[in-house]
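# Summary of the model geometry
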Amino acid sequence: MRIDVVSIFPTIFDALEVSLLGKARQTGLLDVRVHDLREFTHDRHRTVDDTPYGGGAGMVMKPEPWGEALDAIVGDADPRPVIVFPSPAGERFTQSIARELSAAPHLVFGCGRYEGIDERVFDYAAEHGDVRLLSLGDYVLNGGEVAVMAMVEAIGRLVPGVVGNPESLVEESHEDGLLEYPSYTKPSVWRDREVPPVLLSGNHGAVASWRREQQLERTRARRPDLLAD
Ligand code: 6GU
């Protein structure tokens with residue numbers, strides 16, 4: 001899978017060089033390319049923002065550097081990439097969207113800062129790819145970078161081969177719409193706290209039904225919204 005990221009803080013994405021995703025880049029499973037939006041400016045100050053038409057607080061990212069970045073990265077690429085703009089005003093990014101995007105051969109992430117990107121950039125991008133505005137949740141970050149880090153990790157680990165043992169992807173929170181069951185390892189007693197005896201019983205059926213109950217109980221307590229769906 002090819003992933004392009006455009007940002008005015010490209011070094012934030014240095015963290016993608018470590019751990020499982022770093023290994024996947026080394027082995028060629030993931031081809032991640034990070035681009036500095038300022039490389040697509042031409043003035044001495046490498047300006048990427050300006051004041052909003054109509055007034056109001058903050059600055060808006062200018063369309064021209066974004067247009068040049070999209071031309072250079074996407075062009076008339078075939079197949080058309082999915083172009084993601086992280087935004088608190090976007091559709092909610094979920095495990096099912098992560099799974100859908102993990103099947104795309106080419107993803108482009110455009111990280112906005114300030115009060116956002118000139119709206120015409122989204123229209124232009126839609127002529128060259130399938131545009132998605134995605135939000136991590138109902139809170140506001142200063143820019144899209146941290147959100148894109150989260151999305152790239154959630155998507156990248158679903159690309160076949162990135163996670164060594166594919167079974168570890170199956171029994172996870174959100175894969176079946178429920179939260180994950182609790183896990184324990186040795187020792188069986190630690191600081192007077194025992195591991196639930198059923199897990200030591202060797203009875204696989206009893207273990208499976210206990211885990212299911214725990215998933216339901218936790219989901220009811222912590223995320224009743226998931227059960228309503
Ligand atoms: Cl995707 N971007 C920003 N700036 N803030 C967010 C977000 C994204 N998701 C939640 N808050």
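For clarity, every value in this text was computed on a predicted model and none was experimentally measured. (Residues numbered from 1 in each chain as written. Predicted model: local features only at pLDDT ≥ 70, side-chain atom pairs only at ≥ 80, totals over all residues. Heavy atoms only, no water.)

## What about the pattern of salt bridges?
Throughout the structure, instances matching the rule amount to 13 salt bridges. The partner of E145 in a salt bridge is R113, with the nearest N and O atoms 2.8 Å apart. Note that E145 is positioned in helix α5 (residues 145–156) and R113 in the loop between β6 (106–110) and α4 (120–126), a separation of 32 residues in sequence. E145 sits in the buried class, given a relative accessible area of 0%. Residue classification places R113 among the buried positions, given a relative accessible area of 17%. The network of salt bridges with common partners includes E91, E100 and R132. (Salt bridge = Lys/Arg side-chain N within 4 Å of Asp/Glu carboxyl O. Helix = DSSP H or I, 4+ residues; strand = E, 2+ residues; numbered from the N terminus. Buried < 20%, exposed > 50% of the residue type's maximum accessible area, 1.4 Å probe, protein only.)

## Some details on the sheet that holds strand β7 (residues 130–135)
With parallel pairing, the five strands of this open sheet are ordered in space as β2-β1-β6-β5-β7. What marks the edges here is a single partner per strand, and that holds for β2 (31–36) and β7. Looking at each pair of strands side by side, their axes are set apart by 25° on average, direction ignored. As defined by bridge partners, strand β1 (residues 2–7) adjoins β6 across five bridges and the pair is classed as parallel. Note on β6: the bridge partner recorded for V6 is G110. Sitting on the sheet, α5 touches β1, β5 (82–92), β6 and β7, and the angle it makes with β6 is about 165°. (Pairing = 2+ DSSP bridges. Axes fitted to C-alpha atoms, helices over the stretch in contact; angles between N-to-C directions. Contact = heavy atoms within 4.5 Å.)

## Concerning the pairing of β6
Counting buried residues in β6 gives five out of five residues, a clear majority hidden from the surface. The side-chain alternation of β6 yields two buried faces, one formed by H106, V108 and G110 and the other by L107 and F109.

## Some details on the nonpolar core
L107, F109 and I155 are the most contacted members of the largest nonpolar core, which has 32 residues in total. For this core, the secondary structure elements donating two or more residues are β1, α1 (19–26), β5, α3 (95–101), β6 and α5. Ignoring sequence-local partners within four residues, the contact set of F109 consists of I3, D4, V5, V6, V84, V148, M151, V152 and I155. Core analysis: the next-biggest nonpolar cluster, separate from the first, contains 18 residues, L37, V48, I73 and I83 among them. (Core = buried A, V, L, I, M, F, W, Y, C linked by side-chain atoms within 4.5 Å.)

## Some thoughts on the site of the ligand
Surrounding the ligand, one finds P86, S87, P88, L134, S135, L136, G137, Y139, V140, L141, G143 and A147. Contact between the ligand and S135: a nitrogen atom at 3.4 Å from a side-chain N or O atom of the residue. For the shell around the ligand, the elements supplying multiple residues, two or more each, are β5 and β7. Tallying contributions element by element places β5 first for the shell around the ligand, with three residues. Residues belonging to the shell around the ligand are distributed by class as follows: eight nonpolar, four polar and no charged. (Near = heavy atom within 4 Å. Polar contact = N/O pair within 3.5 Å; in protein donor to acceptor, adjacent residues only side chain to side chain. Nonpolar A, V, L, I, M, F, W, Y, C, P; charged D, E, K, R; others polar.)

Nothing here speaks to function; it is all geometry.
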